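Below, each chain spelled out in residue letters.
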Amino acid sequence: MHKFDFKSIEADIVERGWAILKGVYDMALIEDIRADIERQIPVYERIQKEEGVFEESQNAYHHSIVGCPAQMKLIDPNPIHGFLEHYFDGRYILNAMGTTCILPNQPVYTQKIHRDSRSYSDGSRLILNTLIMLDDSTEDNGATWMLEGSHKGGSRPSDEEFYAKSIRACGQTGDVLLFDGNIWHSSGANKTDKPRRIITPLYSKPFVKQSLDYPRAFGMDFANKISPELKQIIGYNALTPTCIQEFYKPRDKRFYKSDQG
Ligand SMILES: [Fe+2]
């Protein structure tokens, strides 16, 4: 079990806007995940083509936690669960979790300067993004550009300013980046001849709406087969009732549990 120094990770996120955790996942699991992604890519491409979003979604596999079953092992058990409860000062959920494959000399939509949180929420810790490296991340293969301190406010920097002042968040396979949902960042370009693959579990307070309804996607019976921790992370304790009868449930059966903030 990893022992993380919560205080120093938290201080990095608060001050710089990001932190890195070394050696969180082992190679056997990473290889399992890589193979699973390869198997699922044709399914994603078919759906993206059917929906007419293939070009704009190229090399991005949104909500791969639903499409790539092996990825559940990355969050169950969640090696950073303790830190996340510390950071959010209580319960949190998985808001989104997708895979991006940055291929040599190919574009991906994350290569633009952006914030993951569209609504700026200075200091309120609504969203924390994490980035699991399935390959080493280097300046040559597209390591994330981070504008340190930009989570504290300010409008979008110009391209010139952003690339002049940003640092590269490099790391090795199995490392995890954590960054404030308000920081301005961008994927880099891959100038090598190998892919750079990442998975980005984005966590939030339970009252922030998930960008895909995971409890519905996995189904309500799925909650009976999983650990209490995973049930919480997927969002089964933060459901919205759909009728008055569902709303009037005794405390222990409530759709949105009282400890979800
Ligand atoms: Fe992002």
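These figures come from a predicted structure and were not determined experimentally.

A separate point is the overall build of the protein chain. When helices and strands are tallied, the protein chain shows 10 helices and nine strands. Computed over its C-alpha atoms, the radius of gyration of the protein chain comes to 18 Å, within 12% of the 18 Å expected for a compact globule of 261 residues. Expressed along its principal axes, the backbone C-alpha trace of the protein chain runs to roughly 55 × 40 × 40 Å. Within the protein chain, buried positions represent 49% of all 261 residues. Sequence-distant contacts, at least 24 apart, represent 81% of the contacts inside the protein chain between residues at least 6 apart. Of the roughly 13100 Å² of accessible surface on the protein chain, a fraction of 52% belongs to carbon and sulfur atoms. Separation of charge centres in the protein chain, based on 32 positive and 36 negative side chains, amounts to 5 Å.

All right, on to the pattern of salt bridges then. Summed over all chains, the structure comprises 15 salt bridges. Measuring nitrogen to oxygen at the nearest pair gives 3.2 Å for the salt bridge that ties Lys165 to Glu161. In this pair, Lys165 and Glu161 are both assigned in helix H7 (residues 159-165), four residues apart and thus about one turn of the helix distant. Residue classification places Lys165 among the exposed residues on the basis of a relative accessible area of 55%. By relative accessible area, which is 34% here, Glu161 ends up partly exposed. Several salt bridges share partner residues, and in doing so they unite Asp12, Arg16 and Glu148 into one network.

So, about the sheet that holds strand S8 (residues 185-186). Ordered by their spatial adjacency, three strands build an open sheet running S6-S5-S8, and the pairing between neighbours is antiparallel. Edge positions in the sheet fall to strand S6 (167-169) and S8, since each has one partner strand and no second. Here strand S5 (residues 144-146) runs beside S6; their pairing, made up of three bridges, is antiparallel. When the sheet's bridge partners are listed, Trp145 is paired in S6 with Arg168.

We now examine a nonpolar patch on the surface. Together, Ile244, Phe247 and Tyr248 make up a nonpolar patch on the protein surface, roughly 420 Å² of accessible area in all. Within the fold, Phe247 resides in helix H10 (residues 244-247). With relative accessibility at 55%, the residue Phe247 sits in the exposed group.

Counting residues in each nonpolar core, the largest one holds 46 residues, and the members touching the most others are Ile75 and Tyr203. Of all the elements, helix H2 (residues 27-50) adds the most residues to this core, at six residues. One finds Trp18, Leu131, Leu177 and Phe179 within the second-largest nonpolar core, a separate group that totals nine residues.

Protein-derived coordination of the iron ion comes from His114 (NE2), Asp116 (OD) and His185 (NE2), at a distance range of 2.1 to 2.2 Å. Between consecutive donor residues of the iron ion, the sequence gaps follow H-x1-D-x68-H. Taken as a pair, Asp116 in the loop between strand S3 (93-102) and strand S4 (127-133) and His185 in strand S8 lie far apart in primary sequence, 69 residues in all. Owing to a relative accessible area of 24%, Asp116 belongs among the partly exposed residues under this scheme. Here His185 falls in the buried class, since its relative accessible area comes to 4%.

With that out of the way, let us pick up the state of the cysteines. Tallied over the entire structure, the rule returns zero disulfides. Of the cysteine sulfurs around Cys68, a residue in no disulfide, the closest is that of Cys101, at 9.1 Å. Free of any disulfide, Cys170 has its nearest cysteine sulfur in Cys101, 19 Å distant.

Rules used throughout
- Residues numbered from 1 in each chain as written.
- Predicted model: local features only at pLDDT ≥ 70, side-chain atom pairs only at ≥ 80, totals over all residues.
- Heavy atoms only, no water.
- Helix = DSSP H or I, 4+ residues; strand = E, 2+ residues; numbered from the N terminus.
- Rg over C-alpha atoms; globule rule 2.2 N^0.38 Å.
- Buried < 20%, exposed > 50% of the residue type's maximum accessible area, 1.4 Å probe, protein only.
- Contact = heavy atoms within 4.5 Å.
- Areas by Shrake-Rupley, 256 points an atom, 1.4 Å probe, with all protein chains shown as cover.
- Lys, Arg positive; Asp, Glu negative; His and termini not counted.
- Charge placed at Lys NZ, Arg CZ, Asp CG, Glu CD.
- Salt bridge = Lys/Arg side-chain N within 4 Å of Asp/Glu carboxyl O.
- Pairing = 2+ DSSP bridges.
- Patch = residues over 30% accessible without salt bridge, like charges linked within 9 Å, V, L, I, M, F, W, Y side chains within 5 Å.
- Core = buried A, V, L, I, M, F, W, Y, C linked by side-chain atoms within 4.5 Å.
- Donors = N, O, S within 2.8 Å, 3.2 Å for Na, K, Ca; no water.
- Disulfide = S-S within 2.5 Å.

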